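Structural overview
Chain residues, written in single-letter form:
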2 protein chains.
Amino acid sequence: MYYSYEDFLKDLMILKDKVEKQIGIPDALVCIARGGMTMSHMLGLAWNIRAVYSLNAISYSDHKVQSSLILENMPVIKKEHKKILILDEIIDSGNSASVVMQKLRSSFPESSFSIGVIFQKPNAKIVADYFVREAGEWIDFFWEVDMLNRASND
Amino acid sequence: MYYSYEDFLKDLMILKDKVEKQIGIPDALVCIARGGMTMSHMLGLAWNIRAVYSLNAISYSDHKVQSSLILENMPVIKKEHKKILILDEIIDSGNSASVVMQKLRSSFPESSFSIGVIFQKPNAKIVADYFVREAGEWIDFFWEVDMLNRASND
């Protein structure tokens, strides 16, 4: 399934409304790079939030059964920021989301963290606090394919 | 001037080519949040770079003549990453770009840093290594206005 910029705009408005109805406007956004970057950019502007951060969650597959996930460039959450929204494009297995949540909650116990995504996989180990769609088939996100398509059409 | 997603896609391909012709594919991307986030997301995918980082450059205006710029959440650049591309949507005054460049160069002297933007203001204090357009009039970036426009049309 091709997921277009136009679909994304509509879904982002829905996600924004869901968050606002529950917690109001967050104090800071933390995106999981790279997938959460475009939505964090746009929501940061829509909510007029300058505290838009990113972190890297990189899974290293080795020859053991479980691949390990390394978090890098954890942002510093300020004391005055109480409501933090973590953003990613999809909760797939739920591995990275759950590790990120645990790490942020233990590092910044005075803030409350919730997570918002566009797509939620039904069998993931965690369910996002806010999501817009259930993910079924493979998704070709516009931010992944539009540049390639343009290049091959030129 | 309205700067659309379609214009952006075209310009990002041009920026990508300019960078590749000069330094090849970078080892890591550092975006200045929030403006550089969407382009870093898409270029990170197009180049298959997982090392996509962001930092926050926040200017605090006070009652003195010069406003001061505070950098937060500086990423850690790995030793094996030699060619680092900093990304922002525009070099306007050039203040934040020059402070970011200085700080990264002094913190990670073994890597080489260059900066790429879509828009370059003619009178800025620095000129990007790679840019696509000269910025004249006010620019309404799609990531800033499309959600608002959609909201007001609904």
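All values reported here derive from a predicted model rather than from experimental measurement.

Observations regarding the relation of the copies chain A and chain B
For the match of chain A to chain B, the screw axis carries a shift of 0.0 Å, the RMSD comes to 0.0 Å, and the turn is 180°. These values place the two chain copies in the arrangement generated by a two-fold rotation axis. Of every C-alpha in chain A, the one belonging to Thr 38 of chain A sits nearest the axis of rotation, 2.3 Å from it. Of all interface residues in chain A, 100% are interface residues in chain B too; the two copies therefore contact each other through one and the same surface.

Regarding the interface of chain A and chain B
Each side of the interface is counted separately: chain A has 41 residues, and chain B has 41 residues. The contact between chain A and chain B buries some 3700 Å² in all, and 62% of this surface belongs to carbon and sulfur atoms. For the chain A face of the interface with chain B, the top three residues by lost area are Arg 34, His 41 and Met 147 of chain A, together amounting to 23%. Here chain A and chain B share two salt bridges between them. When the shortest N-O distance is used, the salt bridge between Lys 78 of chain A and Glu 72 of chain B registers 3.0 Å. For the side of chain A that touches chain B, the secondary-structure elements that each account for two or more residues are helix H1 (5-23), strand E2 (28-33), helix H2 (37-46), strand E3 (52-60) and helix H4 (142-153) of chain A. Per element, the largest residue contribution to the side of chain A that touches chain B is nine residues, and it comes from H2 of chain A. Residue composition of the side of chain A that touches chain B, by class: 22 nonpolar, nine polar and ten charged.

Observations regarding the packing of H1 of chain A against H2 of chain A
All names here are of chain A. In contact at an axis separation of 11 Å, H1 and H2 are set at 55° when each is read in the N-to-C sense. Between H1 and H2, the interaxial angle falls into the category oblique. In this structure, H1 crosses over H2, and the sense of that crossing is right-handed. For the pair H1 and H2, the contacting residues are Tyr 5, Phe 8, Leu 9, Leu 12, Leu 15 and Lys 16 in the first and Thr 38, Met 39, Met 42, Leu 43 and Ala 46 in the second. Across the contact of H1 with H2, the residue classes break down as nine nonpolar, one polar and one charged.

Considerations on the sheet that holds strand E5 (residues 83-91) of chain B
Residues and elements named next belong to chain B. Strand order in the open sheet formed by six strands is E4-E3-E2-E5-E6-E7, and the pairing between neighbours is mixed. Across the chains shown, the open sheet's two edge strands, defined by having one partner strand only, are strand E4 (68-72) and strand E7 (130-134). Put simply, the sheet's adjacent strands are angled 25° from each other on average, direction ignored. The pairing of strand E3 (residues 52-60) with E4 spans five bridges and is classified as antiparallel. The residue bridging Asn 56 from the neighbouring strand is Glu 72, located in E4.

Things to note about the side chain of Thr 38 of chain A
Checked against the element boundaries, Thr 38 of chain A lands in helix H2. Looking at Thr 38 of chain A, the relative accessible area reads 1%, which means it is buried. Side-chain polar atoms of Thr 38 of chain A contact the side chain of His 41 of chain B, separated by 2.7 Å. What Thr 38 of chain A contacts, discounting residues up to four positions off in sequence, is Phe 8, Phe 142 and Trp 143 of chain A together with Thr 38 and His 41 of chain B.

Structural notes on the side chain of Ser 98 of chain B
Residue and element names in this part refer to chain B. Residue position: Ser 98 is located in helix H3 (residues 95-107). Residue classification places Ser 98 among the buried residues on the basis of a relative accessible area of 11%. Among the polar contacts made by the side chain of Ser 98, one reaches the main-chain carbonyl oxygen of Asn 95 at a distance of 3.2 Å.

A word on helix H2 (residues 37-46) of chain B
Residues and elements named next belong to chain B. A large share of H2 lies buried, amounting to nine of its ten residues. Of all the positions in H2, only Met 37, Thr 38, Met 39, Ser 40, His 41, Met 42, Leu 43, Gly 44 and Leu 45 are classed as buried. Positive backbone phi, at 60°, marks Asn 48, one or two positions downstream of H2.

Comments concerning the packing of aromatic side chains
Counting across every chain of the model gives 19 aromatic pairs over all chains. Judged by centre distance (5.6 Å) and plane angle (80°), the ring pair of Phe 119 of chain A and Phe 141 of chain A falls under edge-to-face. Here Phe 141 of chain A lies in strand E8 (residues 140-141) and Phe 119 of chain A lies in strand E6 (residues 112-120), a separation of 22 residues in the sequence. Of the two residues, Phe 119 of chain A and Phe 141 of chain A, neither departs from the other in class, the shared state being buried. On the numbers, 5.2 Å between centres and 55° between planes, the contact of Phe 8 of chain B with Phe 142 of chain B is tilted.

Cut-offs used in this document
- Residues numbered from 1 in each chain as written.
- Chains lettered and ligands numbered in written order.
- Predicted model: local features only at pLDDT ≥ 70, side-chain atom pairs only at ≥ 80, totals over all residues.
- Heavy atoms only, no water.
- Least-squares fit on C-alpha atoms with pLDDT ≥ 70 in both.
- Contact = heavy atoms within 4.5 Å.
- Buried area = accessible area lost by both parts, 1.4 Å probe.
- Salt bridge = Lys/Arg side-chain N within 4 Å of Asp/Glu carboxyl O.
- Helix = DSSP H or I, 4+ residues; strand = E, 2+ residues; numbered from the N terminus.
- Nonpolar A, V, L, I, M, F, W, Y, C, P; charged D, E, K, R; others polar.
- Axes fitted to C-alpha atoms, helices over the stretch in contact; angles between N-to-C directions.
- Parallel < 35°, antiparallel > 145°, perpendicular 65-115°, else oblique.
- Left-handed = near helix turned anticlockwise from the far one by under 90°.
- Pairing = 2+ DSSP bridges.
- Buried < 20%, exposed > 50% of the residue type's maximum accessible area, 1.4 Å probe, protein only.
- Polar contact = N/O pair within 3.5 Å; in protein donor to acceptor, adjacent residues only side chain to side chain.
- Phe/Tyr/Trp six-rings, centres within 6.5 Å; stacked < 30°, edge-to-face > 60°.

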